[in-house]
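One-letter residues, chain by chain:
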Amino acid sequence: MGLSRRIAVPVLALVLLASFVAPARGQFEEEDTLPRFDAGLFLDFNFRGTRGQTLGGVEVKLNNSLAVGLRFDYRATGTLTLGAFGSYSRTDEKLTSQDGTVATGIANFNIFQFGGELLLRVKPQIPGYFILGGGAQHVTSAGDDPQITDPGSFTEPFGIIGAGYEFASTRRRAFRINLRFHLINPSEQLNAEPKSISVDFVLGAAFILRF
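Right, let's walk through the structure included here. Not measured: the values here are computed from a predicted model.

## As for the overall build of the protein
- Looking only at helices and strands, one finds one helix and eleven strands in the protein.
- For the protein, the α and β elements follow one another from N to C terminus as α-β-β-β-β-β-β-β-β-β-β-β.
- Counting all 211 residues of the protein, 44% fall into the buried class.
- Pairs at least 24 apart in sequence give 64% of the contacts found in the protein among residues at least 6 apart.

## A short note on the pattern of salt bridges
- Applying the stated criterion to the full structure yields eleven salt bridges.
- Here aspartate 73 makes a salt bridge to arginine 71, at a shortest N to O gap of 2.9 Å.
- The salt bridge involving aspartate 73 is made with arginine 176; its shortest N-O contact spans 2.9 Å. Here arginine 176 lies in strand β9 (residues 173-184) and aspartate 73 lies in strand β4 (residues 65-75), a separation of 103 residues in the sequence.
- Among the residues examined, aspartate 73 registers a relative accessible area of 3% and is labelled buried.
- On the accessibility criterion, arginine 176 (6% relative accessible area) is buried.
- Taken together, the shared-partner salt bridges connect Asp38, Asp44, Arg71, Asp73, Glu117, Arg121, Glu166, Arg176, Arg180 and Arg210 into one network.

## A look at a nonpolar patch on the surface
- Taken together, Leu41, Leu43, Phe45, Phe47, Leu66, Val68, Leu70, Phe72, Tyr88, Phe112, Phe114 and Leu203 make up a surface patch of nonpolar side chains, about 1,100 Å² in accessible area.
- Elements that contribute at least two residues to the nonpolar patch include exactly β1 (37-47), β4 and β6 (102-120).
- With respect to the secondary-structure elements, phenylalanine 47 resides in strand β1.

## Some thoughts on the pairing of β6
- Sheet analysis places strand β5 (residues 80-96) next to β6, joined by 16 bridges and oriented antiparallel. Bridging across to β6, glycine 86 finds its partner in phenylalanine 114.
- Inspection of the sheet shows β6 paired to strand β7 (residues 128-142) by 13 bridges, in the antiparallel sense. Paired with glycine 116 across the strands is glycine 134, a residue of β7.

## Observations regarding the packing of aromatic side chains
- Within this structure, the stated rule accounts for nine aromatic pairs.
- Taken together, a centroid distance of 5.1 Å and an interplanar angle of 45° make the contact between phenylalanine 37 and tyrosine 74 tilted. In this pair, phenylalanine 37 sits in strand β1 while tyrosine 74 sits in strand β4, placing the two residues 37 residues apart along the sequence.
- Owing to a relative accessible area of 43%, phenylalanine 37 belongs among the partly exposed residues under this scheme.
- Seen from their ring centres, tyrosine 88 and phenylalanine 112 are 5.2 Å apart, and the 45° between their planes marks the pair as tilted. Remark: phenylalanine 112 occurs in strand β6 and tyrosine 88 occurs in strand β5; sequence separation between them is 24 residues.
- Taking relative accessible area as the criterion, tyrosine 88 reaches 31% and is therefore assigned partly exposed.
- Among the residues examined, phenylalanine 112 registers a relative accessible area of 31% and is labelled partly exposed.
- These aromatic residues form a ring-pair network of at least three members: Phe45, Phe47, Phe181 and Phe201.

## Side note on the pairing of β9
- With ten bridges joining them, strand β8 (residues 153-167) and β9 adopt antiparallel strand pairing. Paired with isoleucine 160 across the strands is histidine 182, a residue of β9.
- Where β8 folds back onto β9 in an antiparallel hairpin, the turn is made up of five residues, including alanine 168, whose phi is positive at roughly 50°.
- Across twelve bridges, the pairing between β9 and strand β11 (residues 198-210) is antiparallel.

Scoring rules and cut-offs
- Residues numbered from 1 in each chain as written.
- Predicted model: local features only at pLDDT ≥ 70, side-chain atom pairs only at ≥ 80, totals over all residues.
- Heavy atoms only, no water.
- Helix = DSSP H or I, 4+ residues; strand = E, 2+ residues; numbered from the N terminus.
- Buried < 20%, exposed > 50% of the residue type's maximum accessible area, 1.4 Å probe, protein only.
- Contact = heavy atoms within 4.5 Å.
- Salt bridge = Lys/Arg side-chain N within 4 Å of Asp/Glu carboxyl O.
- Patch = residues over 30% accessible without salt bridge, like charges linked within 9 Å, V, L, I, M, F, W, Y side chains within 5 Å.
- Areas by Shrake-Rupley, 256 points an atom, 1.4 Å probe, with all protein chains shown as cover.
- Pairing = 2+ DSSP bridges.
- Phe/Tyr/Trp six-rings, centres within 6.5 Å; stacked < 30°, edge-to-face > 60°.

What follows is the structure, given as structure tokens:
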């Protein structure tokens, strides 16, 4: 199954689920009473994809990890919200050889992500929404030098596609759950050949305050 198909099938299922589930009675305030600005704290669990491999066939990736961040949103219309976010996570290098041997915990990395998103609703009253966006992540090594991944720091662009659901929404606050794919363009490495696109699956939750 190709990369685009592997991404399209779960995203389509999420979008259909998020878009057509009817909101619970009394869940939403009237549209004209909602503030246009909000800010929130979010937690993302990143399931990281393979970044590349060495000439000897060793797969290189960064381990799954939890990220914490802040986001700010502006509700432009009832169906379009513009968002900006920043997050921090700490992870380590994971190497998998052709015989299945796994080496991990070799070196730690700090990952700072910054980006923007469009949250697109089918209708204002529907709590589900599409997510489209992009950004960049700045990766810095911390502690011992990694075996394969370049030491020092590097920056990588990424795109975002996904879907989310907002619940317990009032004029002052809301909760969100998000399922996203980060399509990362891995940095060139001295000791490994990077993939053109590395796909991270991100499961997130956010608490939003409106003002």
